[in-house]
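In case you want the letters, here they are:
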Amino acid sequence: MRDDELYMRLALRLARRGEGWTNPNPMVGAVIVKDGRIIGAGWHRRFGEKHAEVNAIEDAKSRGHDVRGATMYVTLEPCSHWGKQPPCADRIIREGFRRVVVAMEDPNPLVSGRGIEKMRKAGIDVEVGLFEEEARRLNEVFIKYVTEGVPYVSIKLAMTLDGFIATESGSSQWITGEEARMEVQRLRRRHMAIMVGAETVLRDDPRLNCRLPDCPEKIKVVLDGRGRVAEAVKNGRRFRMFGDGRVVFFTDVPEDFEGIAEAYPETDPGGILRRLGGLGIDSVLVEGGRAACQFLPHADRLYLFYGPKLFGAGIKPFECLSAENADDAWGIGVESVKRLGDSLLITARPGGGDVHRNR
């Protein structure tokens, strides 16, 4: 059992290497062991490419090993259907594995136990549930998307210690330090899309990209009810976010964006998230005060960065909330507090207290 845990922990670490690249597919890692030695390992590297199980098998064979009779440790149930790649369960059966240890069953309705059943019927000893909780945390984005059809929603805010995201004039660069800003880039890497409001685009002209060296292009999502960005473009203004990647607007006037970018008529958060899910977007990082307040009832996680500054007055992010007393306050469950240079990051989930009453 101790060896099983060792190998599955390695598979989980390998799976994490696909972060930001496999969306909307899951991150998966696989390790192959024979006669007490690791003979192959792999992970799902990019969406549409070979799955972790196949990469591990090919790694073992490239090293001259025969996988027949070996044990595979895999963080997610091997698929049993054809998608962009052939069924991994079939490959495992064909290669003659003796045993497969699976961290968790795949919640995808196209799989959902069928891969496990297929391998067992072929005579393979299949064990399920080792480090299941860790595997579920690893792929919480995928699990929500594949079961609910809407993106995983994270809210990121940078605030002063007295709770302001900008001065009264709208100035906000920079509230936090360099280490905190690098952490934001890591958050962007994990999410397929970055969402802001039109005011942020008009005021800051952000690129809305990920500046880490190993980072895929981000989809830029802009909430622009009145079509102010479209008007600015038609008046000759250029915005950096159009420099690369896909840009999607949600607006009351989608016709104004013809020839500029994708635009859809949904303006309520629920409708926007359903549309994003339909577009194949599994996760969105919401940045900006007004957008954050709108999407708070749909949030799965909050990333609250605090910089060592006091404004005294300015723009606050959650002014849409109105609690008459403490018992009515929006509750959150703090997961961690991390120091990043001279800044702090509080990671939290909606929860704690009577939060579900408010959702």
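Not measured: the values here are computed from a predicted model.

1. Re the pattern of salt bridges
Across all of its chains, the model carries 27 salt bridges by this definition. For arginine 16, the salt bridge is made with glutamate 19, and the minimal N-O distance between the two is 3.0 Å. Among the residues examined, glutamate 19 registers a relative accessible area of 13% and is labelled buried. A salt bridge links arginine 181 to glutamate 178, with the shortest nitrogen-to-oxygen separation between them at 3.0 Å.

2. A look at the sheet that holds strand β1 (residues 29-34)
If you walk across this open sheet you meet the 5 strands as β2-β1-β3-β4-β5, and the pairing is mixed. Edge positions in the open sheet fall to β2 (37-43) and β5 (125-128), since each of these has one partner strand only. Taking the axes of each pair of neighbouring strands and ignoring which way they run, one obtains an average angle of 15° across the sheet. Across 6 bridges, the pairing between β1 and β2 is antiparallel. Across the sheet, residue valine 33 finds its bridge partner in β2, namely isoleucine 38. Together, β1, β2, β3 (71-74), β4 (99-102) and β5 form the strand contacts of helix α1 (residues 2-15), whose direction differs from that of β1 by roughly 145°. Of the strands in this sheet, β4 and β5 touch helix α4 (residues 114-121), which is tilted by about 150° from β5.

3. Section: the confidence of the model for the protein
This prediction gives the protein a mean pLDDT of 91; 97% of its residues lie at or above 70. Long-range and interchain partners of residues 353-359, a stretch whose pLDDT sits below 50, account for 13 contacts in this model, where long-range means more than four residues apart.

4. Considering helix α2 (residues 52-62)
For an α-helix the count is 3.6 residues per turn, leaving residues at separations of three or four pointing the same way. Extensive coverage of α2 is indicated by the burial of 8 of its 11 residues. Of the residues making up α2, those classed as buried are Ala52, Glu53, Val54, Asn55, Ala56, Ile57, Asp59 and Ala60. Looking at the packing, one finds that the buried side of α2 touches β1, β2, β3 and α3 (88-95). Glycine 64 sits one or two positions beyond α2 and adopts a positive phi of about 85°.

5. Examining the state of the cysteines
Across all of its chains, the model carries 1 disulfide by this definition. Note on cysteine connectivity: cysteine 210 is disulfide-linked to cysteine 215, with sulfurs 2.1 Å apart. Because the torsion about its S-S bond is 110°, the bridge between cysteine 210 and cysteine 215 counts as right-handed. Counting only cysteine sulfurs, cysteine 88 is the nearest neighbor of cysteine 79, a cysteine outside any disulfide, at a range of 3.8 Å.

6. Here's the deal with the sheet that holds strand β11 (residues 283-287)
The strand order β10-β9-β8-β7-β11-β6-β12-β14-β13 describes an open sheet built from 9 strands, whose pairing is mixed. At either margin of the open sheet sits one strand with a lone partner, and together these are β10 (262-264) and β13 (332-340). Neighbouring strand axes in the sheet, compared pairwise and without regard to direction, differ in orientation by 20° on average. In terms of strand pairing, strand β7 (residues 193-197) meets β11 through 3 bridges, oriented parallel. What sits directly across from isoleucine 194, in β11, is leucine 285. Packed onto the sheet, helix α10 (residues 269-278) meets β6 (152-160), β7, β8 (219-223), β9 (247-250), β10 and β11 and runs at close to 150° relative to β9.

7. Looking at the packing of aromatic side chains
All told, the structure shown has 4 aromatic pairs when counted by the stated rule. Between phenylalanine 250 and tyrosine 264, the aromatic rings sit 6.0 Å apart at their centres with planes inclined by 35°, giving tilted as the arrangement. Of this pair, phenylalanine 250 sits in strand β9 while tyrosine 264 sits in strand β10; the two residues are 14 residues apart in sequence, bridging distant segments of the chain. For phenylalanine 250, a relative accessible area of 2% puts it in the buried group. Taken together, the ring pairs in this structure connect Phe242, Phe249 and Phe257 into an aromatic cluster. Of note, arginine 45 hangs over the ring of tryptophan 43, and the distance from its end group to the ring centre comes to 4.0 Å. Taking the ring centre of tryptophan 21 as reference, the NZ or CZ of arginine 46 above it sits at 3.8 Å.

About the criteria used
- Residues numbered from 1 in each chain as written.
- Predicted model: local features only at pLDDT ≥ 70, side-chain atom pairs only at ≥ 80, totals over all residues.
- Heavy atoms only, no water.
- Salt bridge = Lys/Arg side-chain N within 4 Å of Asp/Glu carboxyl O.
- Buried < 20%, exposed > 50% of the residue type's maximum accessible area, 1.4 Å probe, protein only.
- Pairing = 2+ DSSP bridges.
- Helix = DSSP H or I, 4+ residues; strand = E, 2+ residues; numbered from the N terminus.
- Axes fitted to C-alpha atoms, helices over the stretch in contact; angles between N-to-C directions.
- Contact = heavy atoms within 4.5 Å.
- pLDDT = per-residue confidence, 0-100.
- Disulfide = S-S within 2.5 Å.
- Phe/Tyr/Trp six-rings, centres within 6.5 Å; stacked < 30°, edge-to-face > 60°.
- Lys NZ or Arg CZ within 6 Å of the ring centre and 35° of its normal.

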